[in-house]
Amino acid sequence: MVNNLSPRSWDEIEEITPDEWDLKMLNDINSNPDCREFISQEELLKELGLMSTLAES
């Protein structure tokens, strides 16, 4: 079951033109293979050194 918590719809959201930074990110997504690499939340926590504190609890 899905509850709509907002009376607004997508049609009411203002559309804006992407700025230079947005265009750079979009270009990177399409041309840089590293931008297609995803890791799990668990892997991220390990990389940040936060997983060990959770495992010890």
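Residues numbered from 1 in each chain as written. Predicted model: local features only at pLDDT ≥ 70, side-chain atom pairs only at ≥ 80, totals over all residues. Heavy atoms only, no water.

(A) Structural context of the pattern of salt bridges. Overall, the coordinates contain two salt bridges when judged by the stated rule. In this structure, the salt-bridge partner of Lys24 is Asp28, at a minimum N-O distance of 3.0 Å. Of this pair, Lys24 and Asp28 both sit in helix 1 (residues 20-31), four residues apart, roughly one helical turn. Here Lys46 and Glu42 are joined by a salt bridge, their closest N and O atoms 3.4 Å apart. On the criterion of helical spacing, the pair formed by Lys46 and Glu42 is a turn pair, its members being four residues apart in helix 2 (residues 41-47). Relative accessible area serves as the criterion here: at 44%, Glu42 is assigned to the partly exposed category. (Salt bridge = Lys/Arg side-chain N within 4 Å of Asp/Glu carboxyl O. Helix = DSSP H or I, 4+ residues; strand = E, 2+ residues; numbered from the N terminus. Buried < 20%, exposed > 50% of the residue type's maximum accessible area, 1.4 Å probe, protein only.)

(B) Summary view of the confidence of the model for the protein. For the protein, the average pLDDT comes to 83, and 84% of its residues sit at 70 or higher. Per-element confidence in the protein is highest for helix 1, whose mean pLDDT is 93, and lowest for helix 3 (residues 51-56), whose mean pLDDT is 58. (pLDDT = per-residue confidence, 0-100.)

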